[in-house]
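Here are the chains, one letter per residue:
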Amino acid sequence: MSEIESGASAKRWYVVHAYSGMEKAVERNLRERIDRAGMQDKFGRILVPTEEVIEVKNGKKAVTERRFFPGYVLVEMVMDDDTWHLVKHTSKVTGFVGGAKNRPVPISEDEVMKIVNQMQEGIEKPRPKVEWEVGEVVRVKEGPFTDFNGAIEEVNYDKSKLRVSVTIFGRATPVELDFHQVEKI
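This write-up is about the structure you can find in this document. (Residues numbered from 1 in each chain as written. Predicted model: local features only at pLDDT ≥ 70, side-chain atom pairs only at ≥ 80, totals over all residues. Heavy atoms only, no water.)

## Considering the overall build of the protein chain
Move 1: For the protein chain, the count of helices and strands is four helices and twelve strands.
Move 2: Taken over C-alpha atoms, the radius of gyration comes to 23 Å for the protein chain, far larger than the 16 Å a tight globule of 185 residues would show.
Move 3: Each of the three principal axes of the protein chain carries a C-alpha extent, and together these read 80 × 30 × 30 Å.
Move 4: Here the protein chain holds 185 residues, and 36% of them are scored as buried.
Move 5: Expressed as a percentage of contacts within the protein chain between residues at least 6 apart in sequence, the contacts between residues at least 24 apart total 60%.
Move 6: Summing over all exposed atoms, the protein chain offers an accessible surface of approximately 11000 Å²; the carbon and sulfur share of this is 50%.
Move 7: Taken together, the 29 basic and 31 acidic charged side chains of the protein chain have centroids lying 4 Å from each other. (Helix = DSSP H or I, 4+ residues; strand = E, 2+ residues; numbered from the N terminus. Rg over C-alpha atoms; globule rule 2.2 N^0.38 Å. Buried < 20%, exposed > 50% of the residue type's maximum accessible area, 1.4 Å probe, protein only. Contact = heavy atoms within 4.5 Å. Areas by Shrake-Rupley, 256 points an atom, 1.4 Å probe, with all protein chains shown as cover. Lys, Arg positive; Asp, Glu negative; His and termini not counted. Charge placed at Lys NZ, Arg CZ, Asp CG, Glu CD.)

## Quick word on helix α2 (residues 23-37)
Move 1: For α2, built from 15 residues, the straight-helix expectation of 21 Å at 1.5 Å per residue is met to within 8% by its first-to-last C-alpha distance of 21 Å.
Move 2: Taken as a whole, α2 has its buried residues at Glu23, Ala25, Val26, Glu27, Asn29, Leu30 and Ile34.
Move 3: Tucked inside the fold, the buried residues of α2 contact β1 (12-18), β2 (43-47), β4 (60-67), β5 (72-77), α3 (81-88) and β6 (93-96). (Expected span 1.5 Å × (residues − 1).)

## Here's the deal with the pairing of strand β10 (residues 161-168)
Move 1: In the sheet, strand β9 (residues 149-156) pairs with β10 via six bridges, with the strands oriented antiparallel. From the neighbouring strand, Glu154 faces β10, where its bridge partner is Arg163.
Move 2: In terms of strand pairing, β10 meets strand β11 (residues 171-178) through eight bridges, oriented antiparallel. The partner of Leu162 across the bridge, within β11, is Leu177.
Move 3: Once β10 ends, the chain turns through two residues before running back antiparallel as β11, passing Phe169 with a positive phi of about 50 degrees. (Pairing = 2+ DSSP bridges.)

## Here we look at the packing of aromatic side chains
Move 1: Within this structure, the stated rule accounts for five aromatic pairs.
Move 2: Between Phe145 and Phe148 the ring centres are 6.2 Å apart and the planes differ by 80 degrees, which places this aromatic pair in the edge-to-face class.
Move 3: Here a set of aromatic residues connected by ring pairs shows up, and it is made of Trp132, Tyr157 and Phe179. (Phe/Tyr/Trp six-rings, centres within 6.5 Å; stacked < 30°, edge-to-face > 60°.)

## Quick notes on the pattern of salt bridges
Move 1: Inspection of the entire model under this criterion finds 13 salt bridges.
Move 2: Put simply, Glu23 and Arg67 hold a salt bridge, and the shortest N to O gap is 2.6 Å. Separated by 44 residues along the polypeptide, Glu23 in helix α2 and Arg67 in strand β4 bring together distant segments of the chain.
Move 3: Overlapping salt bridges bring together Arg139, Asp147 and Glu183 as one network. (Salt bridge = Lys/Arg side-chain N within 4 Å of Asp/Glu carboxyl O.)

## Here we look at the nonpolar core
Move 1: Judged by nonpolar contacts, the single largest core of 19 residues is most densely connected at Leu30, Phe43, Val75, Met77, Val87 and Phe96.
Move 2: If you list the elements that add at least two residues to this core, you get β1, α2, β2, β5, α3 and β6.
Move 3: Residues in contact with Val75, not counting those within four places in the same chain, are Arg12, Trp13, Tyr14, Val16, Leu30, Phe43, Arg45 and Ile46.
Move 4: Judged by nonpolar contacts, the second largest core, of twelve residues, contains Ile152, Val164, Val175 and Leu177. (Core = buried A, V, L, I, M, F, W, Y, C linked by side-chain atoms within 4.5 Å.)

## Comments concerning the sheet that holds β2
Move 1: Reading across from one edge, β2-β5-β1-β6 is the order of the four strands in this open sheet, with antiparallel pairing throughout. Every interior strand has two partners, whereas the edge strands, β2 and β6, have only one. Neighbour-to-neighbour, the strand axes of the sheet open up by a mean angle of 30 degrees, direction not taken into account.
Move 2: By the bridge criterion, three bridges tie β2 to β5 in an arrangement that is antiparallel. (Axes fitted to C-alpha atoms, helices over the stretch in contact; angles between N-to-C directions.)

Have a look at this one:
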């Protein structure tokens, strides 16, 4: 593909498949290789789609990063033989997603914006690492109702609390519990 055909600023977004857990390393390796090759003008942003999630460890809330497309990195680039080879032969990259073997298909700007918005929402309002559903049966693992099972009646993500219906002496009793006091069965 000639420079005229691709247009000097015809950067599009492509999805690159990376070894799972190595997405940040791929981002680093790509940036180093782009700099060494002097191809900065042919590459734009490189995104590892992550969101922030709230985890409860030892009773303490911690915000951690979670990849919501594990094994994938988004690369904004001009697609030509040189850039294709640079990305394809980067350590821990297994290839491009979609299209013919040596002609990947770009993803739309809309798809990229959805991912960017999801990343932004995760920063502004981190989600809990574990998702709870009303009706789901859980086991209480600490507190006065330890080892009781119950069905979730209500989920309050803002306060990290659940209302669980536990059967005590043959009667269903609603009990308010923290996320870390229960576990999925």
